[in-house]
Amino acid sequence: MSYVAARDGRKNRSAASRAPAVPDRIDDLHGSSLGVLEVPHHMACGHASRRRYDLDDPVQLRHAYEKVLCEAAECNEVEDLINPLMLRRVWRDLHLPVRIRQAWETRHPGLRRTVNRRISADEVVVVTRGGSTRPPNMGFARRGRTPVNRTMIAR
């Protein structure tokens with residue numbers, strides 16, 4: 001595949017066709033966790049205001065991290081922009097392409113989601129308000145009617 005060198009030295013390949021930039025260690029990340037994060041022009045085109053994200057706003061933080069993880073061409077960019085503690089905190093909430101999420105979770109198993117793990121019925125125990133345990137209800141089941149004792153009071 002031929003390529004044309006971009007002004008910043010990157011190969012002119014789309015983010016969809018290149019391998020994700022995943023650093024060897026999460027602790028090598030040293031991005032800021034406060035203030036405003038401005039991503040490079042090749043990650044978000046347009047006016048500078050469209051490239052700035054307020055890290056105090058959870059929605060903007062997630063958008064910024066999604067943009068960096070999807071569009072970074074080199075590990076150096078990821079290391080400079082992402083904070084390791086913030087990444088761990090928002091990892092489950094990031095909307096990432098499957099190949100990027102798999103690459104990061106393969107290299108850093110601590111990020112792997114446990115929320116979607118399949119659990120068998122014998123592993124789950126439901127604790128009721130009274131403190132007793134019972135097996136979980138694995139779906140909707142129709143219950144029979146319970147008889148109601150009605151007593152007529154003659155007047």
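Peer 1: Give a detailed account of the nonpolar core, specifying residues and quantitative values.
Peer 2: Of all hydrophobic cores here, the largest spans 29 residues; its most connected members are Tyr-65, Leu-69, Val-78, Leu-87 and Trp-104. Contributing elements (two or more residues each) for this core: α1 (58–71), α2 (75–81), α3 (84–90) and α4 (98–107). In terms of residue count, the dominant contributor to this core is α1 (6 residues). Leu-69 has contacts with Val-78, Ile-82, Leu-87, Trp-91, Leu-94, Leu-96, Ile-100 and Trp-104, leaving out every residue within four places of it along the chain.

Peer 1: Lay out the pattern of salt bridges in plain terms, naming residues and giving numbers.
Peer 2: This structure, assessed with the given rule, holds 7 salt bridges. Note that Arg-25 is salt-bridged to Asp-28, the shortest N-O span being 3.7 Å. Using a relative accessible area of 47% as the deciding quantity, one classes Arg-25 as partly exposed. For Asp-28, a relative accessible area of 29% puts it in the partly exposed group. Here Glu-38 and Arg-51 are joined by a salt bridge, their closest N and O atoms 3.2 Å apart.

Peer 1: How would you sum up the environment of Arg-101? Please name residues and give values.
Peer 2: Along the chain, Arg-101 falls in helix α4. Judged by its relative accessible area of 8%, Arg-101 is buried. Each C-alpha atom of the pair Arg-101 and Trp-91 lies 9.3 Å from the other, and the pair is 10 residues apart in sequence. Within the structure, the side chain of Arg-101 is placed 3.4 Å from the backbone oxygen of Trp-91, a separation counted as a polar contact.

Peer 1: For α1, give the residues involved together with the corresponding values.
Peer 2: An α-helix turns once per 3.6 residues; consequently, residues spaced three or four apart project the same way. If you check α1, its first and last C-alpha atoms are 20 Å apart, about what 14 residues at 1.5 Å a residue would give, namely 20 Å. Along α1, the positions that sit buried rather than exposed are Leu-61, Ala-64, Tyr-65, Glu-66, Val-68, Leu-69 and Cys-70. Residues of α1 that are buried make contact with β1 (36–38), β2 (52–54), α2, α3 and α4.

Peer 1: Got a sec to walk through the side chain of Arg-51? Specific residues and values, please.
Peer 2: Assignment of secondary structure puts Arg-51 in the loop between β1 and β2. On the accessibility criterion, Arg-51 (13% relative accessible area) is buried. A polar contact is formed between the side chain of Arg-51 and the side chain of Glu-38, at a distance of 3.2 Å. Apart from the residues within four sequence positions on either side, Arg-51 is in contact with Leu-37, Glu-38, Val-39, Pro-40, His-41, Ala-44 and Gly-46.

Rules behind the numbers
- Residues numbered from 1 in each chain as written.
- Predicted model: local features only at pLDDT ≥ 70, side-chain atom pairs only at ≥ 80, totals over all residues.
- Heavy atoms only, no water.
- Core = buried A, V, L, I, M, F, W, Y, C linked by side-chain atoms within 4.5 Å.
- Buried < 20%, exposed > 50% of the residue type's maximum accessible area, 1.4 Å probe, protein only.
- Helix = DSSP H or I, 4+ residues; strand = E, 2+ residues; numbered from the N terminus.
- Contact = heavy atoms within 4.5 Å.
- Salt bridge = Lys/Arg side-chain N within 4 Å of Asp/Glu carboxyl O.
- Polar contact = N/O pair within 3.5 Å; in protein donor to acceptor, adjacent residues only side chain to side chain.
- Expected span 1.5 Å × (residues − 1).

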